Amino acid sequence: MHVLGMTHSVCPVCRAIVPAKVFTDGRDVYFRKFCREHGESNAFVRSDVDEYLRTLRCVKPAWVPREFSGDAHKPCPQGCGFCYRHEQHLCMPIIEITSRCDLACPVCLVDAGRQWNLSIAEFDCILDGLLRAERQVDVLNLSGGEPLLHPDLLAIIDKALARREIVRVSISTNGLRLLQDRTLLRELHKRNVCISLQLDGFSDRAYELLRGRPLVREKMQVLEILADEGISTSLTMTAAGGVNEDQFPAMLDYLFSHEHVVSFMIQPVAFEGRAASLAGRAARLSIPDVIKALGAAGHPAVSAADFVALPCSSPLCFSLAFYLITQEGRIVPVNRITRAGELLDALANRIFFGLEPGEYESLKRMVYDLWSGPAGSLPDSEEVMQTIRRLIKATSCGCFDAKKVFTEAERRVKSIFIHAFQDAHTFDLARARRCCNAYPQPDGSLMPACVHNVLRRGR
Amino acid sequence: MGRLDDRPYTYFTTVRGMCRTCRTVVPARVYFQDGKVWQQSLCPRCANEPALIAGDQQWYMENVLRQSPDQSPLHGSHAPKLGCPHDCGPCTWHASPCQLPVFSVTNACNLDCPICFTYNRKDKLYHMPVDEMRRIVEQVVAMAGPIDLINITGGEPTLHPQIIELLECCRRPEIGRITMNSNGILLAEDRDLCERLAELGVCVILSFNTFDPKVSELLHGRNVIDAKLRAIENLTRVGVRMTLLNVMVRGVNEDAVGGILDLMRGNDSILSLTVQTMTYTGQGGGRFARASHIPVDDAARIVCEHSRGQLQFADFMPRPSAHPLCYSICYMLKSGDELVPFARVAPREKLAMLMRNSYLIRLEGEQDFFRDIINDLYAKGQTAHLRVFRDLIARLYPPGKAVNPFERQRIAESAVRTIYVHSHMDEDTFDCSRAMLCTDQVPAAPGRLIPACTYNLFYRMQDDRFYEAMQGGSPCTCSE
């Protein structure tokens, strides 16, 4: 055994913040925790200790929110709300607008109790709090429950889009509601909403375990109407070991063969909320496992080398790959045409690049790289460069408009994100303190997602 | 619209630190700024200043992001009851064995140094009874097994009326070298005592911080330079081996280390130099005018800067069994007046192997190590050092003659000089990740070996031999 250090985690029984010794058996990374009430426990954290140590080197300066909230006089993370101790701004806000749902997924993080809908007035308060902290919100995610069941959904979206600081709204949905209400989809499209569709693959065995019933037929229908509508779509997959890793090839195919599908988000299952009961039936996947499986999925454009850790969150929380789609339809990993450092600089402290006038400098440097850098030797460098040039031209003529940039760019750059949510086993305060993915609350506080899921939800 | 402001620093991680004011264990942010590494405790109640923990961000990442051997559970360890660092002694989480037992035999001192980083109550004299000493040595041997070193400290150990009997207790086949800290005041006068130390084979760790009388007053409360030089003279005359211990304080005495290195070069009795960076804790240090901490890597750089061109930073290596922020070591071969750093003639991985389990280079079964060095020197045509290595190997491994490990150690130390750079932790720099790997341990109570810095920061103040409980209770709060 070897030690890597000591951090703070939570007791899997009572959720008290406890010391955790970080150690490795030479292959994977584990925590040993000690709780005064409940004694010692071990947890698997991440596979591949060498990758873990390499990943921790990915760091960059964060941004400062305009205003802090929360209570810094409480021990971290009890006073959450992005108090001055927090190490990042909020890049990806998630607002849960309802607890109602038309499924009862065993994998749900939310252990739904009381039925409620967020009121428009509460939603407004949440936006106020969010925009006191942030200058610009690239994507505001509406979630639930099933957000499409909210009776005033469109009014809520209009409220959000009325704020000029909010560039885009996305909705996390299981999609079932769209099968009954085609007008709703059209209305969403009119508002340039991005549909983040829960899609765990194309196998009913996976749906039965993760979602509680077979869903492939309905999901296919949803995909069809999304394609018909041509609405920007992101595929969100909850990945569980031994359950649906075999679906990666089909998911990658779907991503790259449909223009309206702009990204593929993989969330390894966190054994939290209702999903805690899945332990034993689904194996834990960590980010390196997912990257390895994607690299081995047999897709000609995708390899494990395409992925970089996202340094603006904790690098242990996100990995991502961008793919440029050339005019001729060729798929080129962005990591292959620019130096990894350049790519991460271009990301600034957001996971979407090109949304600031200044960030065009990064894109221009990428063009320069194509002439002089490693990409110069690629057979398709000319084609790649033409695509980037056109992209820059299309988005930078006239005055700068973040919304326009977004729409143009997302059809030319597809992305694969892997987001490892934490649970009571893997929770690491060193990660949570840097979280950029939070639930803004009606009281104005911004609750880091994993702090909320592990320490607050249902408690 | 537009982007938010950049933070002036880059967050790296969060460790288990402590609050300087309320002394509870709290999360501490570790971050990079201007290429340096800082740590700042985040206490929900009290404000804490950031402290420098490494002078170079790249060096820090290369060394801290590593796997350290975990030798837990150690012999004699107990299950945790309160959580790190409140179970010390060792608990089953502690990863490194005791390689240097260190403990106070008296709280008496003939100086009152403003830089003293420990507590020694003055109102109630304590001298360790010989029986107690016997019991402790028994305990150390039982828990740590055969060890290369044992360290007796104080207060000022020479003030103990039975110091010779105490040191005699340490003379056992399981203990390699007996070391005793001293400020040298008494040794400057008492030649008899020096002779007794020579007979016992005790190695004296003599504190030596400056050649400047004003600085001496600042650090020790009075000018003690002449006394220390006389102590060196007396000890040298009777053949007592010495380590010079230099506490390096930012902005006060960084330049002294050049002269101290010269002392070592010119005196065959001085085997090593330990540079300890100033810790702002304890009865003196806690009140000493605070300047920036000197982290371990910067201290090594300062030594190089004052080495008259003989040493470079790459000559230093972290100790493999300790945390890289705690120790950095340079082993050198003494070749005439010149000191040749091992790191220049041997591969670092090989050196790390030799340093693995001790403060002293272990030479058992390491003939190949020297043969490789010799072959390499020969191939590179560096004939100047070749003879020295050849001569050394002939003495260390004489053909057809058995040499026991301690004898071999003594032969080696005639030719090897060492610089240890050691950063203790104080309230600002405390980090459980470091404490967990500590190899310097205090036999503070029966059955317990407590890592030195957790002892200084959490446990010594619970010991009424060394700490008079203040009105309002002990400053040690062993809860979170």
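Each chain has its residues counted from 1, following the order in which its sequence is written. Whichever chain is written first is A, and whichever ligand is written first is 1; the rest continue in order. For this predicted model, a pLDDT threshold of at least 70 governs which residues receive local features, and a threshold of 80 or more governs which side-chain atom pairs are given and counted, while totals over whole chains, interfaces and linings are taken from all residues.

As for the overall build of chain A
Okay, step 1: Counting from the N terminus, the helices are DSSP H or I runs at least four residues long and the strands are E runs at least two residues long. Looking only at helices and strands, one finds 16 helices and 17 strands in chain A.
Okay, step 2: Any residue whose C-beta has 12 or fewer other C-beta atoms within 10 Å is treated as exposed, any with 20 or more as buried, and any in between as partly exposed, C-beta atoms being built from the backbone. When burial is assessed residue by residue, chain A has 52% of its 459 residues classed as buried.
Okay, step 3: Here the analysis covers contacts within chain A between residues at least 6 apart in sequence; of these, 68% occur between residues at least 24 apart. In this description, a residue-residue contact is defined by the distance between C-beta atoms placed from the backbone, which must lie within 7 Å.

Section: the overall build of chain B
Okay, step 1: Each helix and strand counted, chain B has 16 helices and 18 strands in total.
Okay, step 2: For 480 residues, the compact-globule estimate of 2.2 N^0.38 gives 23 Å, and chain B sits close to it at 22 Å.
Okay, step 3: For chain B, the spread of C-alpha atoms along the principal axes amounts to about 70 × 65 × 50 Å.
Okay, step 4: Per-residue burial for chain B yields a buried fraction of 51% across its 480 residues.
Okay, step 5: Residue pairs at least 24 apart in sequence account for 67% of intrachain contacts in chain B once pairs closer than 6 positions are excluded. With C-alpha atoms as the basis for the radius of gyration, the globule rule is written as 2.2 Å multiplied by the number of residues raised to the power 0.38.

Description of the environment of S313 of chain A
Residue and element names in this part refer to chain A.
Okay, step 1: Here S313 is to be found in the loop between β12 (308-309) and β13 (318-325).
Okay, step 2: Exposure remark for S313: the 22 C-beta atoms within 10 Å place this residue in the buried category.
Okay, step 3: Spatially, the C-alpha atoms of S313 and A430 are 11 Å apart, while their sequence positions differ by 117 residues.
Okay, step 4: Among all residues touching S313, those that are not within four sequence positions of it are Q88, F318, R434, C435, C436 and N437.

Here's the deal with the interface of chain A and chain B
Okay, step 1: At the junction of the two partners, chain A supplies 44 residues and chain B supplies 33 residues.
Okay, step 2: Going through the elements one at a time, β1 (2-10), β2 (17-24), α1 (49-55), β5 (63-64) and α15 (429-432) of chain A are the ones with two or more residues in the side of chain A that touches chain B.
Okay, step 3: For the side of chain A that touches chain B, the element with the most residues is β1 of chain A, which contributes seven residues.
Okay, step 4: Throughout this entry, Asp, Glu, Lys and Arg are counted as charged residues, while Ala, Val, Leu, Ile, Met, Phe, Trp, Tyr, Cys and Pro are counted as nonpolar. The remaining residues, Gly among them, count as polar. Among the residues forming the side of chain A that touches chain B, the class breakdown is 23 nonpolar, eight polar and 13 charged.
Okay, step 5: Where β1 of chain A lies against strand β6 (residues 68-69) of chain B, two bridges are found, and the strand directions are antiparallel. If you follow H2 of chain A over to β6 of chain B, its bridge partner there is P69 of chain B. If DSSP finds at least two bridges between two strands, the strands pair.

Notes on the environment of Y207 of chain A
Residue and element names in this part refer to chain A.
Okay, step 1: Considering the arrangement of structural elements, one finds Y207 in helix α6 (residues 204-211).
Okay, step 2: A C-alpha to C-alpha distance of 9.0 Å links Y207 and N244, two positions 37 residues apart in sequence.
Okay, step 3: Discounting residues that sit within four places of it in the chain, Y207 has contacts with D200, R213, P214, L215 and V216.

Overview of the confidence of the model for chain B
Interpretation of the predicted coordinates at a detailed level should be avoided for regions scoring low in pLDDT.
Residues and elements named next belong to chain B.
Okay, step 1: Of all residues in chain B, 96% have pLDDT values of 70 or greater, and the mean over the chain is 91.
Okay, step 2: Per residue, pLDDT captures the predictor's confidence, and it can take any value from 0 to 100. Contacts for the low-pLDDT stretch residues 471-480, under 50 throughout, to residues beyond four places or in other chains number 18 contacts.
Okay, step 3: Scored as a complex, the prediction yields pTM 0.92 and ipTM 0.93.

Concerning the sheet that holds β2 of chain A
Okay, step 1: Spatially, five strands are ordered β4(A)-β3(A)-β2(A)-β1(A)-β6(B) in an open sheet, and the strand pairing comes out antiparallel. Across the chains shown, the open sheet's two edge strands, defined by having one partner strand only, are β4 (39-46) of chain A together with β6 of chain B.

Side note on the sheet that holds strand β5 (residues 51-54) of chain B
Residue and element names in this part refer to chain B.
Okay, step 1: Spatially, the four strands line up as an open sheet ordered β2-β3-β4-β5, and their pairing is antiparallel. With one partner strand each, in any of the chains shown, β2 (10-18) and β5 form the two edges of the open sheet. Recorded for the sheet is a direction-independent mean angle of 35 degrees between the axes of neighbouring strands.
Okay, step 2: Two elements, strand β4 (residues 36-41) and β5, share three bridges in a ladder whose sense is antiparallel. Counterpart to Q39 in the pairing with β5 is A51.
Okay, step 3: Across the sheet, helix α1 (residues 57-64) lies against β3 (25-33), β4 and β5, angled at about 70 degrees from β4, the strand it touches most. The axes used here are C-alpha line fits, helices contributing only the stretch in contact, and every angle between their N-to-C directions lies in the interval 0 to 180 degrees.

A short note on the pairing of strand β11 (residues 242-248) of chain B
Residue and element names in this part refer to chain B.
Okay, step 1: In terms of residue burial, β11 counts as a mostly covered element, since seven of its seven residues are buried.
Okay, step 2: Burial of β11 is two-sided: the residues M242, L244, N246 and M248 facing one way and the residues T243, L245 and V247 facing the other way are all buried.
Okay, step 3: Direction of pairing for strand β10 (residues 203-207) relative to β11: parallel, over a ladder of four bridges. What sits directly across from I205, in β11, is T243.
Okay, step 4: Where β11 and strand β12 (residues 270-277) come together, seven bridges link them in parallel fashion. Note that in β12 the partner of T243 across the bridge is S272.
Okay, step 5: Here a crossover is taken to be right-handed if, once the strands point away from the viewer, the path from the first strand over the helix to the second is traced clockwise. On the question of chirality, the crossover connecting β11 to the parallel β12 by way of helix α7 (residues 256-265) is right-handed.

Section: the nonpolar core
Okay, step 1: In terms of nonpolar packing, the biggest core is built from 264 residues, with V204 and M242 of chain B touching the most fellow members.
Okay, step 2: Those residues in contact with V204 of chain B that sit more than four places away from it in its chain are M180, S182, L197, L235, V240 and M242 of chain B. For this analysis, nonpolar core means a set of buried Ala, Val, Leu, Ile, Met, Phe, Trp, Tyr and Cys residues linked through C-beta atoms within 7 Å.

Re unusual backbone geometry
Okay, step 1: Between G144 of chain A and the following residue, G145 of chain A, the backbone shows a cis peptide bond with an omega angle of 15 degrees.
Okay, step 2: Residue P85 of chain B is bonded to the preceding C84 of chain B through a cis peptide linkage, with omega at 10 degrees.
Okay, step 3: Tracing the backbone shows P85 of chain B in the loop between β6 and β7 (100-104).
Okay, step 4: Even without being glycine, R15 of chain A reaches a positive phi, approximately 65 degrees.
Okay, step 5: Tracing the sequence through the fold places R15 of chain A in the loop between β1 and β2.

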